[in-house]
Amino acid sequence: MSDPAHARADAFFLDTPDGTRFCMYHAPSGECRGALVYVHPFAEEMNRSRRMAALGARALAAQGVGVLLIDLHGCGDSAGDFGDATWDGWLRDIAAARAWIEQRLERTAGLWGLRVGALLAVLHAQRAPVAPERLLLWQPVTNGAGYLNGFLRLRLAGELLAGGSDSGGTEALREALAAGESLEIAGYTLNPQLAAGLDAADARALGPRCPIHWFEVTAAAGRPLPPAAVRVADTWRLQGSRVDVHPVQGPQFWTAPETVDCPALLALTLACLENRDA
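Residues numbered from 1 in each chain as written. Predicted model: local features only at pLDDT ≥ 70, side-chain atom pairs only at ≥ 80, totals over all residues. Heavy atoms only, no water.

Engineer: Can you tell me about the pattern of salt bridges, naming the residues and giving the values?
Structural biologist: Summed over all chains, the structure comprises 11 salt bridges. Among the ionic pairs, arginine 92 bridges to aspartate 18, the shortest N-O distance being 2.7 Å. One end of the pair, arginine 92, is in helix 3 (residues 87-105); the other, aspartate 18, is in the loop between strand 1 (9-16) and strand 2 (19-26), with 74 residues separating them in the sequence. With relative accessibility at 45%, the residue arginine 92 sits in the partly exposed group. Here aspartate 18 falls in the partly exposed class, since its relative accessible area comes to 33%. (Salt bridge = Lys/Arg side-chain N within 4 Å of Asp/Glu carboxyl O. Helix = DSSP H or I, 4+ residues; strand = E, 2+ residues; numbered from the N terminus. Buried < 20%, exposed > 50% of the residue type's maximum accessible area, 1.4 Å probe, protein only.)

Engineer: I'd love a proper account of helix 8 (residues 227-238), names of residues and values included.
Structural biologist: Across its 12 residues, helix 8 extends 16 Å between first and last C-alpha, which sits within 8% of the 16 Å expected from 1.5 Å per residue. For helix 8, every residue scored as buried is listed here: Ala229, Val232, Ala233 and Trp236. End-on, the buried residues of helix 8 take up no more than an arc of 95°, which puts them together on one face. Summarising the geometry of helix 8, the exposed residues directed more than 90 degrees from the buried face are Pro227 and Leu238. Turning to helix 8, the residues buried within the fold contact helix 4 (116-127), strand 6 (135-138), strand 9 (212-218) and strand 10 (243-249). Where helix 8 ends, the next residue or the one after it, glycine 240, has phi of about 105°, a positive value. (Expected span 1.5 Å × (residues − 1). Arc of directions from axis to C-beta. Contact = heavy atoms within 4.5 Å.)

Engineer: Describe the nonpolar core, listing the residues and the values that go with them.
Structural biologist: The biggest cluster of nonpolar side chains holds 64 residues, and the ones touching the most others in it are Phe42, Trp87, Trp90 and Leu190. By residue number, the principal contributor to this core is helix 3, which donates 9 residues. Apart from residues no more than four positions distant in its own chain, leucine 190 is found in contact with Phe42, Leu148, Phe151, Leu152, Leu177, Ser182, Leu183, Ile185 and Ala195. Judged by nonpolar contacts, the second largest core, of 25 residues, contains Ala59, Trp138, Cys272 and Leu273. (Core = buried A, V, L, I, M, F, W, Y, C linked by side-chain atoms within 4.5 Å.)

Engineer: So what about helix 9 (residues 263-274)? Which residues, and what values?
Structural biologist: When the terminal C-alpha atoms of helix 9 are compared, their 16 Å separation across 12 residues agrees well with the 16 Å that a helix rising 1.5 Å per residue should span. All of the buried residues along helix 9 are Leu265, Leu266, Thr269, Leu270, Cys272 and Leu273. Projected onto a plane normal to the axis of helix 9, the buried residues spread over an arc of 155° and lie on a single side. Its buried side turned inward, helix 9 meets helix 2 (50-62), strand 4 (65-70), strand 6, strand 9 and strand 10.

Engineer: Give me the lowdown on the packing of aromatic side chains, citing residues and values where you can.
Structural biologist: Here a ring pair, both rings aromatic, is described through the centre-centre distance and the interplanar angle of the planes. Applying the stated criterion across every chain, the model contains 15 aromatic pairs. Aromatic pair tyrosine 38 and tryptophan 112: ring centres 4.6 Å apart, planes at 55°, arrangement tilted. Of this pair, tyrosine 38 sits in strand 3 (residues 34-39) while tryptophan 112 sits in strand 5 (residues 110-114), placing them 74 residues apart in sequence. Summarising the burial analysis for this pair, tyrosine 38 and tryptophan 112 share the class buried. Here the aromatic rings of phenylalanine 82 and tyrosine 188 are separated by 5.1 Å at their centres, their planes lie at 65°, and the arrangement is edge-to-face. Note that phenylalanine 82 is positioned in the loop between strand 4 and helix 3 and tyrosine 188 in strand 8 (residues 188-190), a separation of 106 residues in sequence. Across the pair, exposure class does not vary: phenylalanine 82 and tyrosine 188 are buried alike. Chaining the aromatic ring pairs together yields one cluster made of Phe42, Phe82, Trp87, Trp90, Tyr147, Phe151 and Tyr188. (Phe/Tyr/Trp six-rings, centres within 6.5 Å; stacked < 30°, edge-to-face > 60°.)

Engineer: Please provide a residue-by-residue account of the packing of helix 5 (residues 144-161) against helix 6 (residues 169-178), values included.
Structural biologist: In contact at an axis separation of 9 Å, helix 5 and helix 6 are set at 105° when each is read in the N-to-C sense. Looking at the two axes, helix 5 sits roughly perpendicular to helix 6. Contacts between helix 5 and helix 6 involve Ala145, Leu148, Asn149, Leu152, Arg153, Arg155 and Leu156 on the former and, on the latter, Gly169, Thr170, Leu173, Arg174 and Leu177. Its residues assigned to classes, the contact of helix 5 with helix 6 shows 6 nonpolar, 3 polar and 3 charged. (Axes fitted to C-alpha atoms, helices over the stretch in contact; angles between N-to-C directions. Parallel < 35°, antiparallel > 145°, perpendicular 65-115°, else oblique. Nonpolar A, V, L, I, M, F, W, Y, C, P; charged D, E, K, R; others polar.)

Engineer: Let's hear about the side chain of threonine 142: which residues, and what values?
Structural biologist: With respect to the secondary-structure elements, threonine 142 resides in the loop between strand 6 and helix 5. Exposure remark for threonine 142: the relative accessible area of 14% places this residue in the buried category. If sequence neighbours within four positions are ignored, threonine 142 has contacts with Leu119, Ala201, Asp202, Ala203, Trp214 and Val232.

Engineer: An account of the pairing of strand 5 is needed here, citing residue identities and associated values.
Structural biologist: Judged by how many residues are buried, strand 5 sits mostly within the fold: 5 of 5 residues are covered. Residue alternation in strand 5 divides its side chains into two sets, Gly110, Trp112 and Leu114 and Leu111 and Gly113, and both sets are buried. Bridge count between strand 3 and strand 5: 4 bridges; the pairing is parallel. Bridge pairing in strand 5 links tyrosine 38 to tryptophan 112. Note that strand 5 and strand 6 share 4 bridges and pair parallel. By the bridge assignment for strand 6, tryptophan 112 is matched with leucine 136. Considered for its hand, the β-α-β crossover made up of strand 5, helix 4 and strand 6 is right-handed. (Pairing = 2+ DSSP bridges. Right-handed = clockwise from strand over helix to strand, strands pointing away.)

Okay, structure coming up:
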């Protein structure tokens, strides 16, 4: 196996109908055995996950899987401001990234998503004319409304720390978004269109038409999946999807204030890719 530390990576800007998007392409080492587009998490979770995404991309490329990491509209080094991003625009970015790597490697690509990125990957798989080759879902968010509530609570927590009140709670903030008002939350401007798209996103709507590997990071070995995750996985199976759920013990690196790694998650992901029929 090739050394992941020496895998080649190329940075470039991908032209899309909505603007340029910064991408990092990790070419497969040796014979190409697959292709993946990485879809990053939401807001600050993206920054806290950069190292794990880079480690994963290099390791996958060393196994012969080409990986394209894309910064979605308004994120990272891509054009535009986060406050101008929309949910549908992010889905178009994913489609453009997938088209690029499929043309480059001449094969159907899969999607590898983390947190809200996993939810976006699932929605792309549900809607795309041609299903992805597979989905790798790291700690997927399955209900956008619940995630949005959690993000809005960051605004309320900031107001309380500043000596204010909660200003009517999340319902008041939702009313402001519904009225077309953008909100400043934890250093990010959340516009109503992005909030509406996230709020309506529900992974249970239709089971993706491709094999799914679901990786759930737990604090302790042997801990069962959350009930909500079990319900989504069972719903997908009833709809005909092939879903393999992989609990793995490790830290929640996407929320950690300091950079931390989750080697067990990387190892298990690579093991699943080694067995193409798993």
